[in-house]
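Tertiary structure, described
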Amino acid sequence: MKSTAITPALIGSDGVYQHEGPARIYTSEAAAIAAIKQGSIRPGEVMVLIGLGPGSGMPETYQITSALKYMKGGEHIPLLTDGRFSGVSTGACVGHNQPGSMGRRPIGRLRDGDVLRLRVDTRKLEGSADVISLDDKALAARAVHPDLKADPRVPADTRLWAALQHASGGSWNGCVYDPERIIRLLKAGEAAESK
């Protein structure tokens with residue numbers, strides 16, 4: 001979250017930005033841009049862009065924040081994504097989330113209408129993004145979003161890097177290098193595929 005990019009009028013006197021609203025899920029940058037152009041996303045909703053995390057090569061998503069900047073009421077549409085932003089991104093945008101829906105993380109289990117709460121303390125540089133319409137257990141029980149699919153344009157070496165990172169625990173767990181665990185997980189995956 002780049003707290004300095006949030007519209008100052010949306011930040012309380014305590015330095016805290018808060019937003020609660022229903023999620024609108026998009027599985028590609030093109031679909032998110034189309035929603036902005038067509039006006040199918042509305043102020044108060046939370047734009048959630050999934051499928052752009054480590055397993056997809058971490059493409060940069062500046063176009064979306066730029067489009068929201070020029071959309072009437074766009075400052076009232078925060079963006080939550082597993083993708084990344086450039087230094088010129090604007091608005092309330094939370095990136096590099098969880099770190100990815102392709103790794104079967106909670107962001108990939110969200111659905112349209114799930115109520116999200118975003119809170120950013122711009123002074124302490126702390127923040128959170130929470131699902132408040134269902135509990136963690138219910139969210140964990142969901143399958144990943146049905147429209148979430150690997151991008152066929154992602155090169156094989158990037159896909160391999162993402163698979164090995166996921167099997168090792170990923171950078172979000174401290175880049176633990178455990179070859180035995182990786183081999184065990186890869187074998188378990190092979191066994192599951194052969195069934």
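Scroll up to find the structure.
A few points on the structure. Only a predicted model underlies this, so the values are computations on that prediction, with no experimental measurement involved.

What follows covers the overall build of the protein chain. Secondary structure summary: the protein chain contains five helices and six strands in total. Shown N-terminal to C-terminal, the secondary structure of the protein chain runs as helices and strands in the order β-α-β-α-β-β-β-β-α-α-α. Residues classed as buried in the protein chain amount to 40% of the 195 residues present. Of all intrachain contacts in the protein chain linking residues separated by at least 6 positions in sequence, the fraction that spans at least 24 positions is 63%.

Counted by the stated rule, this structure contains three salt bridges. Taking the shortest distance from any N to any O, the salt bridge between Arg117 and Glu20 comes out at 2.9 Å. Of this pair, Arg117 sits in strand S5 (residues 115–121) while Glu20 sits in strand S1 (residues 16–26), and the two are 97 residues apart along the sequence. Since its relative accessible area comes to 48%, Glu20 is described here as partly exposed. Its salt-bridge partner being Arg142, residue Asp114 comes within 2.6 Å of it at the nearest N-O pair. Of the two residues, Asp114 sits in the loop between strand S4 (93–94) and S5 while Arg142 sits in the loop between helix H3 (136–141) and helix H4 (156–168), which places them 28 residues apart along the sequence. Overall, the relative accessible area of 22% leaves Arg142 in the partly exposed class.

So, on to the environment of Ile183. Locating Ile183 in the fold gives a position in helix H5 (residues 179–194). Along the chain, Ile183 and Leu164 lie 19 residues apart, while their C-alpha atoms are 9.7 Å from each other.

Let's shift gears to the nonpolar core. Of all hydrophobic cores here, the largest spans 19 residues; its most connected members are Val48, Leu80, Leu110 and Leu116. At the level of elements, S1, strand S2 (46–49) and S5 are the ones that each hand at least two residues to this core. With sequence-adjacent residues up to four places away left out, Val48 is seen in contact with Ala23, Arg24, Ile25, Tyr26, Leu80, Ile107, Leu110 and Leu116. Grouped together as the second largest cluster of nonpolar side chains are 16 residues, Ala35, Met71, Phe85 and Cys93 included.

Calculation criteria
Residues take numbers from 1 onward in each chain, read along the sequence in its written order. Local features in this predicted model are restricted to residues whose pLDDT is 70 or higher, and side-chain atom pairs enter the listing and the counts only when it is 80 or higher, whereas totals over whole chains, interfaces and linings include all residues. Side-chain numbers here rest on the full set of heavy atoms in the structure, without hydrogens or water. Where helices and strands are cited, they refer to DSSP runs of H or I of at least four residues and of E of at least two residues respectively, numbered from the N terminus. Each residue gets one of three labels from its accessible area relative to the maximum for its type: buried under 20%, exposed over 50%, partly exposed in between, using a 1.4 Å probe on protein chains only. Here, residues are in contact when the closest pair of their heavy atoms is within 4.5 Å. Here, a salt bridge means any Lys or Arg side-chain nitrogen found within 4 Å of an Asp or Glu carboxyl oxygen. Residue types Ala, Val, Leu, Ile, Met, Phe, Trp, Tyr and Cys, when buried and joined through side-chain atoms within 4.5 Å, form a set referred to as a nonpolar core.

Function-wise, these values are silent; they only describe arrangement.
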